[in-house]
Amino acid sequence: MKVEELKKNIYYVGAPHPERRLFDELIPLPDGTSYNAYLIKGSEKIALLDTVDPAKEKVLVDNLRSLKVEHIDYVISHHGEQDHSGAIPTILDLYPMAKVVTNAKCKDLLKDHLLVPEDKFIIIKDRETLSLGDKTLEFVLTPWVHWPETMCTYLREDKILFPCDFFGSHIALSDLFVKDREHVYKAAKRYYAEIMMPFQVSIRKNLEKVKDLKIDIIAPSHGPVHDHPGMIVDAYKDWVSEKVKNEVVVPYVSMHGSTGKMIDYFVDSLEKKGLKVKAFNLANMDLGELAMALVDAATVVIGSPTVLAGPHPLAVYAAYLTNALRPKTKYVSIIGSYGWGGKLVDNLKGLIPNLKVELLDPVVTKGFPKDDDFKALDNLANAIKEKHQEVI
Ligand code: FEO
């Protein structure tokens with residue numbers, strides 16, 4: 001996507017990255033991503049809001065050239081992560097009069113990560129404003145939407161919020177504004193699950209902080225621009241609320257079929273009781289799909305065989321990830337099998353200290369499951385159903 005005008009004298013100058021398939025060498029990007037940067041031409045000053053990932057800095061520079069931008073007064077840096085800040089040194093080389101406008105924490109990060117010199121900064125505080133002449137930027141510090149220094153800019157006259165990662169989605173832009181709402185909702189939920197969910201308490205506070213701004217447009221730094229912002233704001237309110245759904249997420253792995261047989265039986269037992277189940281075979285799964293399922297589920301049940309006296313490494317990965325993502329899950333249990341012994345349950349329990357959950361009785365069998373094991377799995381399914389009735 002080339003330069004496009006959002007509103008008079010406000011331009012999209014960022015870069016889609018459709019061929020990118022992994023973020024942080026971890027997160028799958030089925031729709032690629034984009035690094036959105038915006039240029040605001042005021043009657044007196046010109047501001048560039050964020051830059052792009054260094055891999056796409058030529059696109060940003062070409063976009064600025066196509067607009068015949070001969071000087072930039074301010075580079076507003078909302079977030080120190082390099083997918084938005086990485087081209088700041090290049091911009092400062094091309095526009096040596098430009099100052100980087102950011103908060104004190106972000107300044108430290110930009111100095112450490114990008115070696116931006118101290119004399120290049122203008123430091124702003126929460127709710128401070130910066131005039132571009134006929135346009136006024138108001139800065140709103142919104143820590144932990146994604147890092148501790150993250151902040152938003154509100155463009156008062158045009159009622160546009162530029163929230164950087166907040167409200168974003170990993171989609172390589174072809175249209176500037178949201179067209180397919182369902183697609184964008186799903187991509188934004190995936191993005192929330194992978195990036196934002198660990199910070200849901202901070203996000204709740206930050207939603208409060210921006211709720212009194214009159215916002216016509218939300219222009220994030222990944223994915224399409226929201227010209228009907230109610231959809232994404234309501235989605236965030238739902239995701240960060242304390243409400244859970246009548247859903248059970250079952251990440252599992254099986255080596256010789258014993259754990260797999262137990263999981264099949266257990267999933268069937270839950271579904272017969274009217275619970276929605278999302279099972280993920282860890283040997284062949286999309287990390288983002290698992291993260292998305294964790295956003296709403298009341299219960300997580302991890303399935304694993306015993307390997308070298310402990311859980312299978314893929315189950316360790318799932319438990320570690322779930323612990324790191326800190327979903328609002330209320331209940332956890334473990335299903336597994338072993339050949340001769342081991343500490344499957346204790347090891348998995350030790351991997352989820354961040355989760356504020358009640359552990360329901362695990363079901364672990366020696367070898368292939370037998371009648372008593374199937375009864376125990378039915379009992380676990382019943383216990384989950386009863387627990388859900390208390391919280392849903
Ligand atoms: Fe899109 Fe936290 O960077």
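Remember, predicted model here, so these are calculated numbers, not experimental data.

Novice: Explain the overall build of the chain residue by residue, including any values.
Specialist: If you tally the helices and strands in the chain, you get twelve helices and 23 strands. Overall, the C-alpha framework of the chain stretches about 80 × 40 × 35 Å when taken along its three principal axes. Looking at the chain as a whole, 57% of its 392 residues qualify as buried. In the chain, once contacts between residues fewer than 6 apart in sequence are set aside, the share between residues at least 24 apart is 73%.

Novice: An account of helix 6 (residues 200-210) is needed here, citing residue identities and associated values.
Specialist: Considered for burial, the residues of helix 6 that qualify are Gln200, Ser202, Ile203, Asn206, Leu207 and Val210. Along the long axis of helix 6, the arc covered by the buried residues comes to 145 degrees, so they all point the same way. For helix 6, the elements touching its buried residues are strand 13 (136-141), helix 5 (181-196) and helix 7 (230-240).

Novice: Run through the pairing of strand 19 (residues 297-307), naming residues and quoting values.
Specialist: Of all eleven residues that make up strand 19, ten are buried, and the element is covered over most of its length. Two strands pair when backbone bridges link them, and strand 17 (residues 245-252) and strand 19 are joined in this way by four bridges, in the parallel orientation. Each bridged residue has a counterpart across the sheet, and for Val249 the counterpart in strand 19 is Val300. For strand 19 and strand 21 (residues 331-338), the ladder comprises seven bridges, and the chain directions are parallel. The residue of strand 21 that forms the bridge with Thr299 is Tyr331.

Novice: Tell me about the packing of helix 9 (residues 287-294) against helix 10 (residues 313-325), residues and numbers included.
Specialist: For the pair helix 9 and helix 10, interaxial distance at closest approach is 11 Å and the crossing angle is 50 degrees. The pairing of helix 9 with helix 10 is recorded here as oblique in orientation. In the packing of helix 9 onto helix 10, the handedness of the crossing is right-handed. Note on element contacts: helix 10 touches helix 9 through Tyr317, Leu321, Thr322 and Leu325, opposite Leu287, Leu290, Ala291 and Leu294.

Cut-offs and rules
- Residues numbered from 1 in each chain as written.
- Predicted model: local features only at pLDDT ≥ 70, side-chain atom pairs only at ≥ 80, totals over all residues.
- Heavy atoms only, no water.
- Helix = DSSP H or I, 4+ residues; strand = E, 2+ residues; numbered from the N terminus.
- Buried < 20%, exposed > 50% of the residue type's maximum accessible area, 1.4 Å probe, protein only.
- Contact = heavy atoms within 4.5 Å.
- Arc of directions from axis to C-beta.
- Pairing = 2+ DSSP bridges.
- Axes fitted to C-alpha atoms, helices over the stretch in contact; angles between N-to-C directions.
- Parallel < 35°, antiparallel > 145°, perpendicular 65-115°, else oblique.
- Left-handed = near helix turned anticlockwise from the far one by under 90°.

So far we have only geometry, and geometry alone does not tell us how the molecule works.
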